[in-house]
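Take a look at the letters that make up each chain.
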Amino acid sequence: KNEVEQSPQNLTAQEGEFITINCSYSVGISALHWLQQHPGGGIVSLFMLSSGKKKHGRLIATINIQEKHSSLHITASHPRDSAVYICAAPPPNTGNQFYFGTGTSLTVIP
Amino acid sequence: ETGVTQSPTHLIKTRGQQVTLRCSSQSGHNTVSWYQQALGQGPQFIFQYYREEENGRGNFPPRFSGLQFPNYSSELNVNALELDDSALYLCASSRNRGDTEAFFGQGTRLTVV
């Protein structure tokens, strides 16, 4: 069993739809990250959060520490949102020694 | 914008050979971690270096080794390459070893034939 689990693995949406990607973890963590990976491979950090909710543009990330669960929401999805979204979390006091989920491949169709 | 650069971007090696991958950290960052990402999988932690010393290691055999230099740039060396070593190798740098904020490089795509 992976320390960090994501669902769904693949997601296809029509442009404009509201999208939710879920992440659950089984280990103690100091913070949870949502990352975006484009086909070229490079990873961009979207959010780092340890409690509550963060919003950046059309992206919203929430975390429930008690339930060990986080969600990434995309409002008014757009084809340029098509990418792989990965959640990652490090055990406490390990800095950037992340456990990663397997990723959610999102395709937004015009 | 990330200041983490990796080289080369792509590489093809033959089974049994050795390979060295390089990572230049974001300015001011003294901690770097390396990850292996097989096709269709999430990245797996290989090891972390902090101020030129290994500071944590994942479940990878000893033929995966690393080095960090005084300027905090880093190398990943893999000896006796196997076909299963074909993957995207990513590095991530952080300001300090306790910081979870990390910046990722674009990765090196290694193909072992």
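That block above? That's the structure.
Residues numbered from 1 in each chain as written. Chains lettered and ligands numbered in written order. Predicted model: local features only at pLDDT ≥ 70, side-chain atom pairs only at ≥ 80, totals over all residues. Heavy atoms only, no water.

Asks: Go over the interface of chain B and chain A with me, naming the residues and quoting the values.
Replies: If you look at the interface, chain B gives 27 residues, while chain A gives 21 residues. Across the chain B/chain A interface, buried area totals approximately 1,600 Å², and carbon plus sulfur atoms make up 53% of it. Joining chain B to chain A, the criterion identifies zero salt bridges. At the junction of chain B with chain A, the criterion picks out twelve residue pairs in polar contact (both at pLDDT 80 or more). Contributions of two or more residues to the side of chain B that touches chain A are made by strand S4 (31-37), strand S5 (44-50), strand S6 (53-57) and strand S9 (87-94) of chain B. Taken together, the residues of the side of chain B that touches chain A sort by class into nine nonpolar, 15 polar and three charged. (Contact = heavy atoms within 4.5 Å. Buried area = accessible area lost by both parts, 1.4 Å probe. Salt bridge = Lys/Arg side-chain N within 4 Å of Asp/Glu carboxyl O. Polar contact = N/O pair within 3.5 Å; in protein donor to acceptor, adjacent residues only side chain to side chain. Helix = DSSP H or I, 4+ residues; strand = E, 2+ residues; numbered from the N terminus. Nonpolar A, V, L, I, M, F, W, Y, C, P; charged D, E, K, R; others polar.)

Asks: Give a detailed account of the layout of surface pockets, specifying residues and quantitative values.
Replies: In this structure, the largest pocket occupies an estimated 330 Å³ of space. Lining the largest pocket are 18 residues; nearest its centre among them are A:Gln37, A:Val84, B:Gln37, B:Gly40 and B:Gln41. One number sums up the size of the second largest pocket: a volume of about 220 Å³. Residue lining of the second largest pocket: A:Asn2, A:Glu3, A:Gln97, A:Phe98, A:Tyr99, A:Phe100, B:Pro43, B:Gln44, B:Phe45, B:Gly58, B:Asn59 and B:Phe60, and that is the complete set. (1 Å grid on protein atoms, 1.4 Å probe; cavity = no way out; pocket = protein on both sides within 12 Å on 5 of 7 lines; lining within 4 Å. Points joined across faces, edges and corners; volume = space filled by probe spheres on them.)

Asks: Would you mind going over the sheet that holds strand S8 (residues 74-78) of chain B in detail, with residue names and values included?
Replies: All names here are of chain B. The four strands are arranged S1-S3-S8-S7 in an open sheet whose pairing can be described as antiparallel. Here the strands that pair on one side only, and so sit at the sheet edges, are strand S1 (5-7) and strand S7 (64-68). Looking at each pair of strands side by side, their axes are set apart by 20 degrees on average, direction ignored. (Pairing = 2+ DSSP bridges. Axes fitted to C-alpha atoms, helices over the stretch in contact; angles between N-to-C directions.)

Asks: How would you explain the sheet that holds strand S8 (residues 69-74) of chain A if you had to name every residue and give the values?
Replies: Residues and elements named next belong to chain A. With antiparallel pairing, the five strands of this open sheet are ordered in space as S1-S3-S8-S7-S6. The open sheet has two edge strands, strand S1 (4-7) and strand S6 (52-56), and neither has a second partner. Within this sheet the neighbouring strands show an average axis-to-axis angle of 15 degrees, counted without direction. Pairing geometry for strand S3 (residues 19-25) and S8, over six bridges, is antiparallel. Note on S8: the bridge partner recorded for Asn22 is Ser71.

Asks: Let's hear about the nonpolar core: which residues, and what values?
Replies: A:Ile19, A:Leu32, A:Trp34, A:Phe47, A:Leu49, A:Leu72 and A:Tyr85 are the most contacted members of the largest nonpolar core, which totals 22 residues. Apart from the residues lying within four places of it in its own chain, the contact partners of A:Tyr85 are A:Gln6, A:Ile21, A:Leu35, A:Gln36, A:Leu46, A:Leu72, A:Ile74, A:Gly103, A:Thr104 and A:Leu106. Residues B:Val19, B:Cys23, B:Val32 and B:Ala87 belong to the second largest nonpolar core, which totals 19 residues. (Core = buried A, V, L, I, M, F, W, Y, C linked by side-chain atoms within 4.5 Å. Buried < 20%, exposed > 50% of the residue type's maximum accessible area, 1.4 Å probe, protein only.)

Asks: Pulling in residues and values, what's your account of the environment of A:Ile21?
Replies: With respect to the element layout, A:Ile21 can be found in strand S3. Apart from the residues within four sequence positions on either side, A:Ile21 is in contact with A:Gln6, A:Ser7, A:Leu11, A:Trp34, A:Ser70, A:Ser71, A:Leu72, A:Tyr85 and A:Thr104.

Asks: Tell me about the environment of A:Leu72, and name the residues and values.
Replies: Residues and elements named next belong to chain A. Tracing the sequence through the fold places Leu72 in strand S8. Look at Leu72 and you get buried, because its relative accessible area is 0%. Placed 50 residues apart in sequence, Leu72 and Asn22 show a C-alpha to C-alpha distance of 6.5 Å.

Asks: I'd like a description of the state of the cysteines, backed by residues and values.
Replies: Tallied over the entire structure, the rule returns two disulfides over all chains. Paired by a disulfide, A:Cys23 and A:Cys87 hold their sulfur atoms 2.1 Å apart. The sign of the 80 degrees torsion about the S-S bond sets the A:Cys23-A:Cys87 disulfide as right-handed. Highlighted residues: A:Cys23 in strand S3 and A:Cys87 in strand S9 (residues 83-89), separated in sequence by 64 residues. The exposure class assigned to A:Cys23 is buried, which follows from its relative accessible area of 1%. In this model B:Cys23 forms its disulfide with B:Cys91; the gap between the sulfur atoms is 2.0 Å. The disulfide joining B:Cys23 to B:Cys91 has a torsion of about 80 degrees about its S-S bond and is therefore right-handed. In this pair, B:Cys23 is assigned in strand S3 (residues 19-24) and B:Cys91 in strand S9, connecting sequence segments 68 residues apart. Judged on exposure class, the residue B:Cys23 and its partner B:Cys91 are both buried. (Disulfide = S-S within 2.5 Å.)

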